[in-house]
Amino acid sequence: MKSASTRALIALALGGVLTLGAFLGTFFWAGVPDFGFVRTAGRAESVRYQGPFKQEVAEARYLQNYVGYRAEVETDGDIVQGTITEASDDAVTLDADGDSVTIDAADVTSAIVSGSTYGRPDWGQKIFYFHVPVAEISFIVFAVAAFYSLRFIMTRRRQYDQKARVAMEVTLTFIMLTMATGILWTRAAWGVWWEWEPRLTTYFIMTLLVIAYFVLRNSVEDEERRALYAAAFSILGFIDAPISFFITRLIPSNHPVIERGGLETPMLVSFIVAQIGMLLVGYAIYQLRMGEMKLTDRIEHAKTLLEG
Amino acid sequence: MDPTLKEVYSLVLTQWPLVAAAYALLWVGLMAYIGFALKRMNGLGKQVEVLEAALARRGKAE
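Within every chain, residues take consecutive numbers counted from 1 along the sequence as written. Note on labels: chains are lettered from A, ligands numbered from 1, in written order. Residue-level local features of this predicted model are given only where pLDDT is at least 70; pairs of side-chain atoms are given and counted only at 80 or more, and the full residue set underlies all totals for whole chains, interfaces and linings.

## Quick notes on the overall build of chain A
Quick reminder of the rule: What counts as a helix is a DSSP run of H or I of at least four residues, what counts as a strand is a run of E of at least two, and both are numbered from the N terminus. What the globule rule says is 2.2 Å times the number of residues to the power 0.38, and the radius of gyration is computed from C-alpha atoms. Here the C-beta atoms are placed from the backbone, and a residue counts as buried if at least 20 other C-beta atoms lie within 10 Å of its own, exposed if 12 or fewer do, and partly exposed otherwise.
Check the secondary structure of chain A and you find seven helices and seven strands. Helices and strands appear in chain A in the N-to-C order α-β-β-β-β-β-β-β-α-α-α-α-α-α. For chain A, whose C-alpha radius of gyration is 29 Å, the value lies well above the compact-globule estimate of 19 Å for 308 residues. Seen through its C-alpha atoms, chain A measures out along the principal axes to roughly 105 × 35 × 35 Å. The proportion of buried residues among the 308 residues of chain A is 38%.

## Focus on the overall build of chain B
Of the regular secondary structure elements, chain B holds one helix and zero strands. For a compact globule of 62 residues, the expected C-alpha radius of gyration is about 11 Å, and chain B comes in at 27 Å, more than 25% above that figure. Taking all 62 residues of chain B together, 13% fall into the buried category.

## Things to note about the domain arrangement of chain A
The test is simple: Bear in mind that the domain bounds are from an automatic or database domain assignment.
Segmentation of chain A into domains returns domain 1 (2-33 + 123-307) and domain 2 (36-121). Measuring from the centre of the C-alpha atoms in domain 1 of chain A to the corresponding centre in domain 2 of chain A gives 51 Å.

## Observations concerning the interface of chain B and chain A
Cut-off, in case you're wondering: Placing C-beta atoms from the backbone, we regard two residues as in contact once those atoms come within 7 Å. When residues are grouped by polarity, Ala, Val, Leu, Ile, Met, Phe, Trp, Tyr, Cys and Pro land in nonpolar, Asp, Glu, Lys and Arg in charged, and all others, Gly among them, in polar.
Across the boundary between the two partners, chain B contributes 33 residues, which contact 41 residues of chain A. Counted by class, the side of chain B that touches chain A contains 24 nonpolar, five polar and four charged residues.

## Topic: the pairing of strand β4 (residues 78-87) of chain A
Residues and elements named next belong to chain A. The following threshold applies: Strand pairing is assigned whenever DSSP identifies at least 2 bridges connecting the two strands.
Pairing of strand β3 (residues 70-75) with β4 involves six bridges; the strand directions are antiparallel. Across the sheet, residue E74 finds its bridge partner in β4, namely I79. Note: β4 against strand β5 (residues 91-96), four bridges, orientation antiparallel. Counted as the bridge partner of T83 is D95 from β5.

## Quick notes on the environment of R58 of chain B
Residues and elements named next belong to chain B. Structurally, R58 can be placed in helix α1 (residues 3-61). For R58, a count of 11 C-beta atoms within 10 Å puts it in the exposed group. Spatially, the C-alpha atom of R58 lies 30 Å from that of L38, the residues being 20 residues apart in sequence.

## Describing unusual backbone geometry
Residues and elements named next belong to chain A. Its identity is not glycine, yet D97 carries a phi of approximately 50°, on the positive side. By the secondary structure assignment, D97 is in the loop between β5 and β6 (99-104). The backbone phi angle of R156 is positive, close to 60°, even though this residue is not glycine. With respect to the helices and strands, R156 occurs in the loop between α2 (128-155) and α3 (158-190). Taking the C-beta count within 10 Å as the criterion, R156 has 13 such neighbours and is therefore assigned partly exposed.

## Quick word on the nonpolar core
The nonpolar side chains of a soluble globular protein tend to be buried with one another. What counts here: We call a set of buried Ala, Val, Leu, Ile, Met, Phe, Trp, Tyr and Cys residues a nonpolar core when their C-beta atoms link them within 7 Å.
If you look at the biggest cluster of nonpolar residues, it comprises 66 residues, and the most contacted ones within it are V141, A145, A164, A167, A284 and Y286 of chain A. For this core, the secondary structure elements donating two or more residues are α1 (2-28), α2, α3, α4 (198-219), α5 (223-238) and α7 (265-307) of chain A together with α1 of chain B. The next biggest cluster of nonpolar side chains, apart from the first, holds 14 residues, and it includes Y69, A87, I103 and A111 of chain A.

## Describing the packing of α3 of chain A against α4 of chain A
Residues and elements named next belong to chain A. Selection rule: With axes taken as lines fitted to C-alpha atoms, and helix axes fitted only over the stretch in contact, angles between N-to-C directions fall between 0 and 180 degrees. Each helix crossing is assigned a hand: it is left-handed if the near helix lies turned anticlockwise from the far helix by less than a right angle, otherwise right-handed if that turn is clockwise.
α4 packs onto α3 with a crossing angle of 145° between their chain directions and a minimal axis gap of 10 Å. Crossing angle aside, the handedness with which α3 passes α4 is left-handed. Contact residues: α3 offers M168, T171, L172, I175 and M179, while α4 offers M206, T207, V210 and Y213. Here the contact of α3 with α4 is composed, by residue class, of seven nonpolar, two polar and no charged.

## A short note on the environment of W196 of chain A
Residues and elements named next belong to chain A. Among the structural elements, W196 can be located in the loop between α3 and α4. We classify W196 as exposed; it has 7 C-beta atoms within 10 Å. In this structure, the C-alpha to C-alpha distance between W196 and V57, residues 139 residues apart in sequence, is 34 Å.

## Quick notes on the packing of α2 of chain A against α7 of chain A
Helix packing geometry: the angle between the two helix axes and the distance between the axes. All names here are of chain A. In plain terms, the rule: Put simply, angles under 35 degrees are roughly parallel, angles over 145 are roughly antiparallel, angles from 65 to 115 are roughly perpendicular, and the rest are oblique.
Closest axis-to-axis distance for the α2/α7 pair is 9 Å, and the angle between their directions is 40°. The angle between the axes of α2 and α7 places the two elements in the oblique class. Regarding α2 and α7, the two cross each other, and that crossing is right-handed. Together, Y129, F130, P133, V134, E136, I137 and V141 of α2 and S270, F271, A274, Q275, M278, L279, G282 and Y286 of α7 make up the contact between the two elements. Its residues assigned to classes, the contact of α2 with α7 comprises 11 nonpolar, three polar and one charged.

## Details of the confidence of the model for chain B
Detailed conclusions should not be drawn from predicted coordinates in areas where pLDDT is low. Just so we agree on the cut-off: Confidence of the prediction at every residue is given by pLDDT, a number between 0 and 100.
When pLDDT is averaged along chain B, the result is 89, and 100% of the positions lie at 70 or above. Reported confidence for the predicted complex is 0.85 by ipTM and 0.84 by pTM.

## Section: the environment of I34 of chain B
Tracing the backbone shows I34 of chain B in helix α1. Taking the number of C-beta atoms within 10 Å as the measure of exposure, I34 of chain B has 19 and is therefore partly exposed. Considering only alpha carbons, one finds I34 of chain B and E49 of chain B, 15 residues apart in sequence, at a separation of 22 Å. Not counting residues within four places of it along the chain, the set of residues in contact with I34 of chain B comprises L12, I285 and L288 of chain A.

## Considering α2 of chain A
Going by this rule: A helix's residues, less one, multiplied by 1.5 Å, set its expected span.
The end-to-end C-alpha separation of α2 of chain A is 40 Å, in line with the 40 Å expected for 28 residues at 1.5 Å each. Downstream of α2 of chain A by a residue or two, R156 of chain A has a phi angle that is positive, lying close to 60°.

Spelled out as structure tokens, the structure:
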């Protein structure tokens, strides 16, 4: 028992140091990538500068969105160039080399606005460094639970049922962390709290399956039947894990996929360190819970001896 | 800061509360889980010591 808790504490200490390192790397070393673009009226030197843009505006009323931008407004036979200073549904006012020119919206035949395009800094991507590792751990520990469930069905030894149960507990913990961080990332990146797209849907199904595992365990009284049903359910439930993991590569999905060479070195190093750190933390939690289970067994055993 | 860059980087600020919340939930969740597990183990360890000492005393008495 002592060795299990010692292993847990060592893993916890190492995992803690690595996750802390990854955290510092994430915020103080890795850069902020671009996610889409943003348009501005002005121009400034920046690594995010992507170039100028020119866009035709279909209707004069849309010029309200471009106050401060340079524009070329064409009326019947006349072109006015300048900076839009004011715009409404009825009229647009331009500053043309110091002269203020107001044009009725009804007279505008076409308009072209221009400005600069910049990469949109995606600060929300910082969530990725820990969201992905916790999600990966949830898949790995679910696989461990399915493995021990299979071992239980083959051998009917109680220790495998205990290991599978603890692994499922750890899976549930990491699933909850994945869901919490994922929902916040979805809000930051997509502007919504949830979307029924393939990855999120299959992962949600996995969450329900893991919760159902514990509902099943609590609903069967006979210990052996409980362990057997739970083991079978865990193996069947695990089928969803590879589906959820690979689905973004198999069918169209909005969920990002990490591609080879897609991360700069500081990002990649921070991400790998976070993965190793989280793996150690997951292992530590598993060992801690196993240690707890073994202590409970010893207490029950000692109580039986004292009563007998 | 240049007004154009200020406009570009102001987008970062809109995401800041969500990033902070994600990290807070992650660390608080993990710390709480580990903290409770360690506390429970400590309590169980003490129980084991008491029970095994009682067993040892009974073994000697017999």
